[in-house]
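# Observations on the model geometry
These are the residues of each chain, in order.
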Amino acid sequence: MTLINRIQMIEQNTFAPLNRVYSSVPTGTCEGCTACCSESVNISFLEFSNVVQNGLLKLEPHDRAALTKRVLSYYLTEWIKPQKCPFLDDQKRCMIYEVRPLPCRLFGTATRAAYENNYRHIQVQNLKVAKWLAQNEKIMLSTAVRNKKIDFCEAFIPTETLDEDSIQGLYDQLINLDGQLFFKGIIDDSFMNENLVNLTLAYLIADHPNIITMEQLYALKCEIAKR
Ligand code: SF4
Ligand code: SF4
């Protein structure tokens, strides 16, 4: 089953529980500096299907073309330089703001302790990825990429701050929703730990399997990182 087939199997009413999770995230006032939009965020499959059905498919053709270029550029060069999220348009606005994933909604709502603790986990994971790439692909991540960190935001004033357990509780709900897709046979394990850029690129090129595949793009990405 193709990625497009899987997304098409998800009906609009399936997004209702996802929107309830989103509704429970505290809101707040934000300066809109986009400092937090500096990575490819993790995303559940149900969230990605929502991004496609209620975001990507509603974009004008020229916006979709511009997004495709930015997503491709991000993917191919993410191991050599830190970048902004490719969903930011030329006016620094999120192209999928209404359907943005949970990590984007949570930014600024965590206590400083919860934020820094979570970042320590992320950095441990990043080091593991760097080690794996060095051992298996002979690729050395640039220092800027290895040490990249999005700083805690002092400017966002949330209506309520969330501790680690509350944040984990929200992610657990997304895992349960994806679990339902798993038991219906819509997804398998390979979709359990994905990020927005990789899935978007896979979706955008899925219409053109005779032009390029994700395997060919991965090979090109490795080649660029070794130059
Ligand atoms: S949440 Fe903070 S870092 Fe993100 S755009 Fe708002 S003010 Fe900037
Ligand atoms: S998806 Fe939108 S809100 Fe999330 S990081 Fe990208 S630009 Fe920012």
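Everything below is about the structure printed above this text.
Described in the following lines is the structure provided in the data block. (Residues numbered from 1 in each chain as written. Chains lettered and ligands numbered in written order. Predicted model: local features only at pLDDT ≥ 70, side-chain atom pairs only at ≥ 80, totals over all residues.)

### A few points about the nonpolar core
The test is simple: Buried Ala, Val, Leu, Ile, Met, Phe, Trp, Tyr and Cys residues form a nonpolar core when they are connected through C-beta atoms within 7 Å. To sort residues by exposure, count the other C-beta atoms lying within 10 Å of each residue's C-beta; 20 or more gives buried, 12 or fewer gives exposed, and values between give partly exposed, all with C-beta atoms placed from the backbone. Helix and strand definitions here come from DSSP, where helices need a minimum of 4 consecutive H or I residues and strands a minimum of 2 consecutive E residues; each element is numbered from the N-terminal end. Any two residues are considered in contact once their C-beta atoms, placed from the backbone, lie within 7 Å.
Within the largest apolar cluster, 38 residues are counted, with the highest numbers of intra-cluster contacts made by F48, V51, V71, A110 and V197. Listing elements by their share of this core, those giving two or more residues are α2 (16-23), α3 (45-54), α4 (61-77), α5 (102-106), α6 (112-136), α8 (164-183) and α9 (196-205). Ranked by the residues each element gives to this core, the list is headed by α3, at five residues. Excluding anything up to four places from it in sequence, A110 contacts Y115, T161, L162 and I167.

### A word on α9
Those residues of α9 that sit buried are L196, V197, L199, T200 and L201. On its buried face, α9 is in contact with β2 (42-43), α3, α4 and β4 (194-195).

### Some thoughts on the site of ligand 1
Definition in use: The C-beta atom of each residue is placed using the backbone, and any residue whose C-beta lies within 6 Å of a molecule or strand is treated as near it. Residues are grouped as follows: nonpolar covers Ala, Val, Leu, Ile, Met, Phe, Trp, Tyr, Cys and Pro; charged covers Asp, Glu, Lys and Arg; every other residue, Gly included, is treated as polar.
Contacts to ligand 1 come from C30, E31, G32, C33, T34, A35, C36, F107, G108, C153, A155 and F156. For the shell around ligand 1, the per-class residue count stands at eight nonpolar, three polar and one charged.

### As for the environment of Y22
Its place among the elements puts Y22 in helix α2. For the pair formed by Y22 and H121, sequence separation is 99 residues and the distance between their alpha carbons is 24 Å.

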